[in-house]
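# An overview of the molecular structure
Below are the chains, spelled out letter by letter.
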Amino acid sequence: MEHLLKLSDLTKDELLMLLETGHDLKKKLKAGIETPYLKGKTLGMIFQKASTRTRVSFEVGMNQLGGHPLYLSVNDLQMGRGESIEDTARVLSRYLDAIMIRTFDQEDVETLAEFGSIPIINGLTDLYHPCQILADLMTIQEVKGTLEGLKFAFVGDGNNMANSLIVGALLAGASIAVASPRGYQPNEAILDKYIDHSDFLLTEDPYEAVQDADVVFTDVWSSMGDEAEAEIRKKVFQNIYQVNHDLLAVADPEVMVQHCLPAHKDEEISTDVFEQHAKVIFEEAENRLHVQKAVLLHLMGVPAYVS
Ligand code: CP
Ligand code: NVA
């Protein structure tokens, strides 16, 4: 593993290894066992969009690993005044040991990896959110004991979460049904690649997607960058693309609900369903910390964690 740009770069073995390391690091943290494997290493964290979980979990995770996190807002970098990604990559590679970047264009993350000489981690783009799906899969393993053969359903906007979930679910051996309105379906290239997969279903009907589901996912109707369309989107999604009691009634009786957060309650998820599943949703948020530490260790080649 050289970078984490998108989940389709991982093999199934690499995916499972990251999750296993995440579980191990979580156990060690809870037991008070120190893991200072990244002593002397610095992670640059470039943000072009807001963040609560990604920023704090990477920053705290890097500290727990004995390394140093460096927060870099695009507005404070020369990149914000037009310095190219190519040059930024070549400069930052001289100071840092790895970079986590949250930005709009997936292409920028790929360029950073192409021109830099250090590991790059995608901390969310308009197209993908791989770190979040790793945390979700880790949480599902905790609750369900397995990923293989489970039925996942995603209800809502075919956004970065939906795109990464399709890839992650199929890689992990789960099936995935996505219910999105026409015009808001997942990325076309991803659909082209997976539409004929026997474990993938695309529908406009949330009830069809959620039927017998073991895990139901949702996310905001308007992502960061979609603000100007928020009112139009609300009209398209409301009353149909909401995870609520009526919808969950057709799922498996033991269904678990995942939300990457932040949540817009009573839009994509009803308040009562959110609160009923809050324990697992906040475990999901916590697992960002553990699984991202696993990513950092594997990318920075720490011998004990590299198979
Ligand atoms: N889920 C997630 O990535 O949250 P933040 O936007 O707060 O980082
Ligand atoms: N789809 C959301 C996820 C936030 C973590 C967004 O991109 O804003």
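Anyway, here's the lowdown on the structure attached to this text.

## Describing the side chain of Glu 267
Mapped onto the secondary structure, Glu 267 falls in the loop between β9 (256–259) and α11 (271–276). Side chain to side chain, Glu 267 and Lys 234 meet in a polar contact 3.5 Å long. Aside from chain neighbours lying at most four places away, what touches Glu 267 is Trp 221, Lys 234, Tyr 241 and Gln 242.

## So, the site of ligand 1
Every residue near ligand 1 is listed here: Ser 51, Thr 52, Arg 53, Thr 54, Arg 102, His 129, Gln 132, Cys 260, Leu 261 and Arg 288. Contact between ligand 1 and Ser 51: an oxygen atom at 2.7 Å from a side-chain N or O atom of the residue. Between ligand 1 and Arg 288 there is a distance of 3.0 Å, counted from an oxygen atom to a side-chain nitrogen or oxygen. Contact with the protein chains covers 95% of the free accessible surface of ligand 1, which is 250 Å².

## Brief notes about helix α6 (residues 160–172)
Taking 1.5 Å per residue as the helical rise, α6 with its 13 residues ought to reach 18 Å, and the 18 Å between its terminal C-alpha atoms agrees with that figure. Of all 13 residues making up α6, 12 are buried, and the element is well covered by its neighbours. When α6 is considered as a whole, its buried residues turn out to be Asn 160, Met 161, Ala 162, Asn 163, Ser 164, Leu 165, Ile 166, Val 167, Gly 168, Ala 169, Leu 170 and Ala 172. The residue sitting at the N-terminus of α6 and contributing the capping side-chain oxygen is Asn 159; that oxygen lies 3.0 Å from the backbone nitrogen of Met 161. Gly 173, located one to two residues past α6, shows a positive phi value of around 90 degrees.

Rules used throughout
Residues numbered from 1 in each chain as written. Chains lettered and ligands numbered in written order. Predicted model: local features only at pLDDT ≥ 70, side-chain atom pairs only at ≥ 80, totals over all residues. Heavy atoms only, no water. Helix = DSSP H or I, 4+ residues; strand = E, 2+ residues; numbered from the N terminus. Polar contact = N/O pair within 3.5 Å; in protein donor to acceptor, adjacent residues only side chain to side chain. Contact = heavy atoms within 4.5 Å. Near = heavy atom within 4 Å. Areas by Shrake-Rupley, 256 points an atom, 1.4 Å probe, with all protein chains shown as cover. Expected span 1.5 Å × (residues − 1). Buried < 20%, exposed > 50% of the residue type's maximum accessible area, 1.4 Å probe, protein only.

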